[in-house]
Amino acid sequence: EEGADVPQDQKAGWASFIKSLAHMTGDLSSMTAPPFILSPTSLTEFPAYWAEHPELFADISEGETEEDRMERVFLWFIATLKGQYTTRNEKMGSEKKPLNPVLGELFYGTWPDVEGRGETVLISEQVSHHPPITAYYVENKKAGVALQGHSGQKTSFSGTSILVKQSGHAMLFVTPKKTGKQETYLITLPKLRIDGIIWGSPYIELTDSSAIQASTGYGVQIDYKGKGYFSGKAHMFKAKMTKASKTIQTFEGEWTGVSNVGSSKGPVFYDADAPKEEITVKPITEQGQWESRNLWQKVANGIRGGDFEAAGRAKSIIENEQRQRRRDEVAEGTSWKLWNFEHVDSDPEFQKLVAMMNDKTQPTTEDAYVYSGEHYKQLLAGASAESAAAAPAPAA
Ligand code: HCR
């Protein structure tokens, strides 16, 4: 029955939300959805999904050969997918509507240095509100691996599913332990289909293809299929690693489960049951006012506690303040300055890698957000100055 998973008192609200999808013009972020589908988490937190397997991220630079490193990059990429696209279903029962970040919103966190693998840090920032775009930088200095990217979404409605085209791309920078010579990998993003809308229990299926193109000439194309394509299973992929149009290796399986090298009878490539490590974030009381969990605290508490009026009021305060800022900027002839990133129209390394890519997996836009880390570095310097001041004076 339609709306089977929608709470009784929100069925009318869900039905009108579905109707409104047909008239959707811009992005979904501005749309009002009934409370049961709201998530207390902002989209600025999502880039953390790139590093929830910090050991696989760090291990990339340990690869002995160009081919080995390409395979390690691909392994790490596949390992991120389950977290990226199914976490809300696992934690909250279905895909939910995340909080729409404000311009300038920040999300900072780390994964600890365990067994000498090095610390991994995440710097995430909302760099555009209309359309919503989040830029991120993930780095393990010790390992010599860094990821710089940005993510936006263009949504439409098919009548039964929400279709999401991801805009943006990521660049992975690897300094191999073996050669010490930096390699780059351009990563493009899959398309999403949000199914289960009619029942009120949305979930994601990945569609079409994405790719990873290395400066070494190696590349991987990944084709995604849902139920009834390659087999009766959901969340399937097939991938092909090539160099100079020559196939080096194939992979296939479930991105939420087991995948194999070669055919489904080949050796296990990755098992998505492997535990993931969540990011460590400062306590809210120590966060700055632009940091996501601090900024949205009242809204999130309202959503979690079922007090949607309080959530709504808190959200209006934030949004009104934002509107006022934008009006002030217009009046003063100024514009918002990003904290940690710089917008560029394109860059030579990106162009070089795109040219090596198959048309159908190429990103739709060339622009990028280059990490400067200005605000994050100031914060670190401030923190160490504080702890230095608090520490006892060194003995003379
Ligand atoms: C489409 C989506 C917002 C964007 C989310 C993205 C694409 C963001 C970048 C991450 O790296 C991966 C990612 C995962 C999410 O699955 C995806 C979200 C799923 C739903 C949400 C819509 C804006 C909200 C749809 C509202 C429905 C659930 C009623």
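Remember, it's a predicted structure, so these values are computed and weren't measured experimentally.

**Q** Hey, could you run me through the overall build of the protein in this one?
**A** Of the regular secondary structure elements, the protein holds eight helices and 19 strands. Dimensions along the principal axes, computed over C-alpha positions, put the protein at roughly 75 × 55 × 40 Å. The buried share of the protein, reckoned over its 396 residues, is 50%. Expressed as a percentage of contacts within the protein between residues at least 6 apart in sequence, the contacts between residues at least 24 apart total 57%. On the protein, roughly 19,000 Å² of surface is accessible, and the fraction owed to carbon and sulfur atoms is 53%. Counting 42 positive and 52 negative side-chain charges, the protein places the centres of these two groups 3 Å from one another.

**Q** Just checking my understanding: could you explain the site of the ligand for this structure?
**A** As a matter of local geometry, the ligand sits amid 20 residues, with Q84, R88, E95, Q166 and I204 nearest to it. At a separation of 2.7 Å, an oxygen atom of the ligand approaches a polar side-chain atom of R88. Within the side chain of E95, a nitrogen or oxygen atom sits 3.4 Å from an oxygen atom of the ligand. Compared with its free state, where it exposes 610 Å², the ligand has 95% of that area covered by protein. Considering each element in turn, the shell around the ligand owes the most residues, three residues, to helix α3 (residues 66-92). Here the residues of the shell around the ligand sort into 13 nonpolar, four polar and three charged.

**Q** How should the packing of aromatic side chains be read in this particular structure?
**A** Aromatic ring pairs are reported here in terms of the distance separating the ring centres and the angle at which the planes meet. Under the defined criterion, the tally for this structure stands at 18 aromatic pairs. Ring geometry for F74 versus F237: centroids 6.3 Å apart, planes at 80°, classification edge-to-face. One end of the pair, F74, is in helix α3; the other, F237, is in strand β14 (residues 236-243), and 163 residues separate them in sequence. When its relative accessible area of 0% is taken as the criterion, F237 is described as buried. Centroid distance F251 to F269: 4.6 Å. Interplanar angle 50°. Geometry classified as tilted. Linking F251 in strand β15 (residues 246-254) with F269 in strand β17 (residues 268-271), this pair joins segments that are 18 residues apart in sequence. With respect to class, F251 is no different from F269; both count as buried. Joined through ring pairs, the aromatic side chains of W50, F57, W76, F77 and Y136 make up one cluster.

Criteria and thresholds
Residues numbered from 1 in each chain as written. Predicted model: local features only at pLDDT ≥ 70, side-chain atom pairs only at ≥ 80, totals over all residues. Heavy atoms only, no water. Helix = DSSP H or I, 4+ residues; strand = E, 2+ residues; numbered from the N terminus. Buried < 20%, exposed > 50% of the residue type's maximum accessible area, 1.4 Å probe, protein only. Contact = heavy atoms within 4.5 Å. Areas by Shrake-Rupley, 256 points an atom, 1.4 Å probe, with all protein chains shown as cover. Lys, Arg positive; Asp, Glu negative; His and termini not counted. Charge placed at Lys NZ, Arg CZ, Asp CG, Glu CD. Near = heavy atom within 4 Å. Polar contact = N/O pair within 3.5 Å; in protein donor to acceptor, adjacent residues only side chain to side chain. Nonpolar A, V, L, I, M, F, W, Y, C, P; charged D, E, K, R; others polar. Phe/Tyr/Trp six-rings, centres within 6.5 Å; stacked < 30°, edge-to-face > 60°.

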